[in-house]
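Each chain, letter by letter, is given below.
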Amino acid sequence: MSHYQKPPELYEGLRLHQNENTGGCSPRVLEALAKLRADQIGFYPPYAGATDAVATYLGVPADRVTLANGLDEGIMALAVAYLRPPIGGPVPEAVVPEPAFEIFRFDTAVAGGTLVQVMPRPDFSFPLDAVLAAMTERTRVVFLTNPNNPTGVSMPLDAIRTLAGRVPHGAVVFVDEAYAEFAGVSFISEVASYPNVIVGRTFSKAFGLAGLRIGCLVGSPDTMDPIRRAIPVYSVNVAAAAAIQAALADLDHLNGYLRQVAESKALLYAACDRLGLTYVTSDANFVLVCAGDRTSELVNGAFARGVYIRDRSSEPGCAGCIRIGAGIVDHTRRCISVMEEVLCATR
Ligand SMILES: Cc1ncc(COP(=O)(O)O)c(C=O)c1O
């Protein structure tokens, strides 16, 4: 089952299970959408304005930016471009340090590549040696996420430099920076020096545009060329192209949300300490909480009370772990009071 289908279509409850922005987008986005004219909707969308706005925000020339219908589409295009087995040739391999965003596994399978999983360390710190050992001459993609999902743990940028220097010719290192705004760290300023590194960004999380679907890939035009060919023409719609420009013009909204997330994480850590739950300190907008044998009670009890949190037990190294989104402080307080209620009720 896709990670987007569980639980289904629940807009009434408190959605803390997909790392979305619980505060929503900037009001300027709504104004920009309301101003769209009939003729703009009638034509295929122009992208220069949106691409320039994204490039300026990320501090790179516009020819290094490829917009996509969500970063998910960018990842699928990257898999199609780099992991399809050539006729009669060796099957390309994708190295995935686990636990990871499950889409890397799905897209590798869809493209026909071979998945090479690297198992996590107990503290989820980046296992550089094991990733290097997993690489072969058939490696075509190394999938990284910084900070990682579902752990929230960051990796050292030096590990990306090392991997970029060691992957075989023709392979790419993909750095998924879906949560980079929350960590305040990015590899993007270095992509000009590492032509085999592609960075992925999304505007679903920090900017609250998940429903409109817009993300991007950043990298050298040559490395990006096969990926661009795999992205459908006009895959980003005119509303998303208008929305991203409005969102990037309101960085106060972004910064306000980043403050809410930081406070929410501190509240969650304190609640876990009170409740006797361990957790992984996170650089993202969610916290991986280790509830052990209380995991199902907590997830199901919260679900029954309209608060959706995500059981990650089936992910490598994550037995007994729940991922909880940390967004608007009032939402986090509600989640914490539900966690307290459930755990007290089941004692
Ligand atoms: C690591 C990672 N990459 C990409 C995405 C998808 O981003 P988008 O909404 O832009 O498709 C997510 C969403 O959960 C994610 O966690």
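The structure displayed is predicted, hence computed values, not measured ones. (Residues numbered from 1 in each chain as written. Predicted model: local features only at pLDDT ≥ 70, side-chain atom pairs only at ≥ 80, totals over all residues. Heavy atoms only, no water.)

Colleague: Would you mind going over the overall build of the chain in detail, with residue names and values included?
Modeller: The secondary structure content of the chain amounts to 13 helices and 13 strands. Its C-alpha atoms put the chain at 60 × 55 × 35 Å along the principal axes. Per-residue burial for the chain yields a buried fraction of 55% across its 347 residues. Considering only contacts within the chain whose residues lie at least 6 apart along the sequence, 73% involve residues at least 24 apart. When the accessible surface of the chain is totalled, it reaches about 14,500 Å², and 55% of it is carbon and sulfur. (Helix = DSSP H or I, 4+ residues; strand = E, 2+ residues; numbered from the N terminus. Buried < 20%, exposed > 50% of the residue type's maximum accessible area, 1.4 Å probe, protein only. Contact = heavy atoms within 4.5 Å. Areas by Shrake-Rupley, 256 points an atom, 1.4 Å probe, with all protein chains shown as cover.)

Colleague: Could you give me a rundown of the site of the ligand, with the residues and numbers involved?
Modeller: Neighbouring the ligand are 14 residues; Leu-71, Asp-176, Tyr-179, Thr-202 and Ser-204 lie closest to it. Within the contact set of the ligand, an oxygen atom lies 2.9 Å away from a backbone nitrogen or oxygen of Asp-72. In the environment of the ligand, an oxygen atom lies 2.7 Å from a nitrogen or oxygen atom belonging to the side chain of Lys-205. About the coverage of the ligand: the protein hides 97% of its 400 Å² of free accessible area. Its residues placed into classes, the shell around the ligand shows 5 nonpolar, 5 polar and 4 charged. (Near = heavy atom within 4 Å. Polar contact = N/O pair within 3.5 Å; in protein donor to acceptor, adjacent residues only side chain to side chain. Nonpolar A, V, L, I, M, F, W, Y, C, P; charged D, E, K, R; others polar.)

Colleague: Explain a nonpolar patch on the surface to me, and be specific about the residues and the numbers.
Modeller: Taken together, Tyr-44, Val-233 and Tyr-234 make up a surface patch of nonpolar side chains, about 400 Å² in accessible area. As for its placement among the helices and strands, Tyr-234 is situated in the loop between α9 (221-230) and α10 (238-248). Note on Tyr-234: relative accessible area 42%, which makes it partly exposed. (Patch = residues over 30% accessible without salt bridge, like charges linked within 9 Å, V, L, I, M, F, W, Y side chains within 5 Å. Salt bridge = Lys/Arg side-chain N within 4 Å of Asp/Glu carboxyl O.)

Colleague: Which residues make up helix α3 (residues 48-58), and what values go with them?
Modeller: The set of residues buried in α3 consists of Ala-50, Thr-51, Val-54, Ala-55 and Leu-58. End-on view of α3: buried residues confined to an arc of 130 degrees, all on one side of the axis. Set apart from the buried face of α3 by more than 90 degrees, the exposed residues are Ala-48 and Thr-56. Contacts made by the buried residues of α3 are with β2 (65-68), β7 (197-202), β8 (215-218) and α10. Backbone geometry just after α3 places Gly-59 at a positive phi near 75 degrees. (Arc of directions from axis to C-beta.)

Colleague: Could you give an account of the pairing of strand β4 (residues 114-118), naming the residues involved and the relevant values?
Modeller: Pairing of strand β3 (residues 93-97) with β4 involves 5 bridges; the strand directions are parallel. From the neighbouring strand, Pro-97 faces β4, where its bridge partner is Val-118. Running through helix α5 (residues 103-111), the crossover from β3 to the neighbouring parallel element β4 is right-handed. (Pairing = 2+ DSSP bridges. Right-handed = clockwise from strand over helix to strand, strands pointing away.)

Colleague: Give a description of α9 that names residues and reports values.
Modeller: Note on helix geometry: an α-helix contains 3.6 residues per turn, so any two residues three or four positions apart are oriented the same way. When we look at burial in α9, the residues that qualify are Thr-223, Met-224 and Ile-227. Looking straight down α9, one finds that the buried residues subtend no more than 80 degrees of arc, so they occupy a single side. Exposed residues lying more than 90 degrees from the buried face of α9 are Asp-222 and Arg-229. Taken together, the buried residues of α9 touch β2, α4 (71-83), β6 (172-176), β7 and β8.

Colleague: Explain the sheet that holds strand β12 (residues 310-311) to me, and be specific about the residues and the numbers.
Modeller: On the basis of which strands lie adjacent, the open sheet formed by 4 strands has the order β9-β10-β13-β12 and antiparallel pairing. Both outer strands of the open sheet, β9 (278-280) and β12, are each paired with one neighbouring strand and no more. Its contacts with the sheet put helix α11 (residues 251-275) on β9, β10 (286-290) and β13 (321-325), and the angle it makes with β10 is roughly 10 degrees. Packing against the sheet, helix α12 (residues 295-304) makes contact with β12 and β13, and its axis sits at approximately 30 degrees to β13. (Axes fitted to C-alpha atoms, helices over the stretch in contact; angles between N-to-C directions.)

Colleague: Talk me through the packing of α4 against α5; I want residue IDs and the actual numbers.
Modeller: Contact geometry of α4 with α5 gives a least axis separation of 9 Å together with a crossing angle of 40 degrees. Here α4 lies oblique to α5, going by the angle between them. Along this stretch, α4 crosses α5, giving a crossing that reads as right-handed. Two secondary-structure elements touch here, α4 through Asp-72, Ile-75, Met-76, Ala-79, Val-80 and Leu-83 and α5 through Ile-103, Phe-104, Asp-107, Thr-108, Val-110 and Ala-111. Residues belonging to the contact of α4 with α5 are distributed by class as follows: 9 nonpolar, 1 polar and 2 charged. (Parallel < 35°, antiparallel > 145°, perpendicular 65-115°, else oblique. Left-handed = near helix turned anticlockwise from the far one by under 90°.)

Colleague: I'd love a proper account of the packing of aromatic side chains, names of residues and values included.
Modeller: Taken as a whole and assessed by the stated rule, the structure comprises 13 aromatic pairs. When the ring of Phe-187 is compared with that of Tyr-194, the centres are 5.5 Å apart and the planes differ by 50 degrees; the resulting orientation is tilted. What links up through ring pairs into an aromatic cluster is the set Phe-101, Phe-104, Phe-143 and Phe-174. The ring centre of Phe-286 lies 5.8 Å from the NZ or CZ of Arg-323, which sits over that ring. (Phe/Tyr/Trp six-rings, centres within 6.5 Å; stacked < 30°, edge-to-face > 60°. Lys NZ or Arg CZ within 6 Å of the ring centre and 35° of its normal.)

Colleague: Give a detailed account of the side chain of Arg-310, specifying residues and quantitative values.
Modeller: Mapped onto the fold, Arg-310 is located in strand β12. Classification of Arg-310 by relative accessible area gives buried; the value is 10%. Within the local environment of Arg-310, its side chain forms a polar contact with the side chain of Glu-102, the two groups lying 3.5 Å apart.

Colleague: Break down the pattern of salt bridges for me, with residues and values.
Modeller: Counted according to the given criterion, the structure contains 16 salt bridges. The salt bridge involving Arg-213 is made with Asp-72; its shortest N-O contact spans 3.8 Å. Separated by 141 residues along the polypeptide, Arg-213 in the loop between β7 and β8 and Asp-72 in helix α4 bring together distant segments of the chain. Given the relative accessible area of 26%, Arg-213 is considered partly exposed. The residue Glu-98 makes a salt bridge to Arg-105 at a minimum N-O spacing of 3.2 Å. Via salt bridges that share partners, Glu-93, Glu-137 and Arg-138 belong to a single interconnected network.

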